[in-house]
Amino acid sequence: MQCRWLLRAAWMAQELLTTFDGEIESLTLIPATGGVFTVTATEQIAWDRKTEGRFPDITELKQRVRDIIAPAQDLGHADRKTD
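Just so we're clear, the structure is a prediction, and the values are computed from it rather than from any experiment. (Residues numbered from 1 in each chain as written. Predicted model: local features only at pLDDT ≥ 70, side-chain atom pairs only at ≥ 80, totals over all residues. Heavy atoms only, no water.)

1. Some words on helix α3 (residues 58-69)
Note on helix geometry: an α-helix contains 3.6 residues per turn, so any two residues three or four positions apart are oriented the same way. Helix length check: α3 (12 residues) gives 16 Å between terminal C-alpha atoms against 16 Å at 1.5 Å per residue, within 8%. Turning to α3, its buried residues are I58, E60, L61, K62, Q63, V65 and R66. Looking at the buried positions of α3, the neighbouring elements they touch are α1 (6-19), β1 (38-41) and β2 (44-48). The backbone nitrogen of T59 has a side-chain oxygen 2.9 Å away, supplied by the residue at the start of α3, namely D57. (Helix = DSSP H or I, 4+ residues; strand = E, 2+ residues; numbered from the N terminus. Expected span 1.5 Å × (residues − 1). Buried < 20%, exposed > 50% of the residue type's maximum accessible area, 1.4 Å probe, protein only. Contact = heavy atoms within 4.5 Å. Polar contact = N/O pair within 3.5 Å; in protein donor to acceptor, adjacent residues only side chain to side chain.)

2. As for the nonpolar core
Counting residues in hydrophobic clusters, the biggest one holds 14 residues, and the most contacted among them are M12, F37, V39, L61 and V65. Looking at this core, the elements that each hand over two or more residues are α1, β2 and α3. Discounting chain neighbours no more than four positions away, the residues touching L61 are M12, L16, F37, V39, W47 and P56. (Core = buried A, V, L, I, M, F, W, Y, C linked by side-chain atoms within 4.5 Å.)

3. Some details on the side chain of E15
For E15, the position within the fold is in helix α1. There is a polar contact of 2.9 Å between the side chain of E15 and the side chain of K62. Not counting the four nearest positions on each side in its chain, E15 is found in contact with I58 and K62.

4. Some words on the environment of T33
Inspection of the secondary structure puts T33 in the loop between α1 and β1. A relative accessible area of 51% means that T33 is categorised as exposed. Each C-alpha atom, one on T33 and one on M12, is 18 Å from the other, the two residues being 21 residues apart in sequence.

Set out below in structure tokens:
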């Protein structure tokens, strides 16, 4: 909460809920201090700010969550290109 990331975290939560409508049963925001931003899906870490050293881009976060909970789901224009 010291870094004022709660608003960004809430926006990202809304984006995940919208993108994965029907796939996400629940989503919990837990305010903390110390720059904590960790996203887990089915008990797997999709993103950890301390490990990555930065806050995620929403497209990157959606891709990582998708890879865990719905690997076959197409993210449309936000999906990574495959060669």
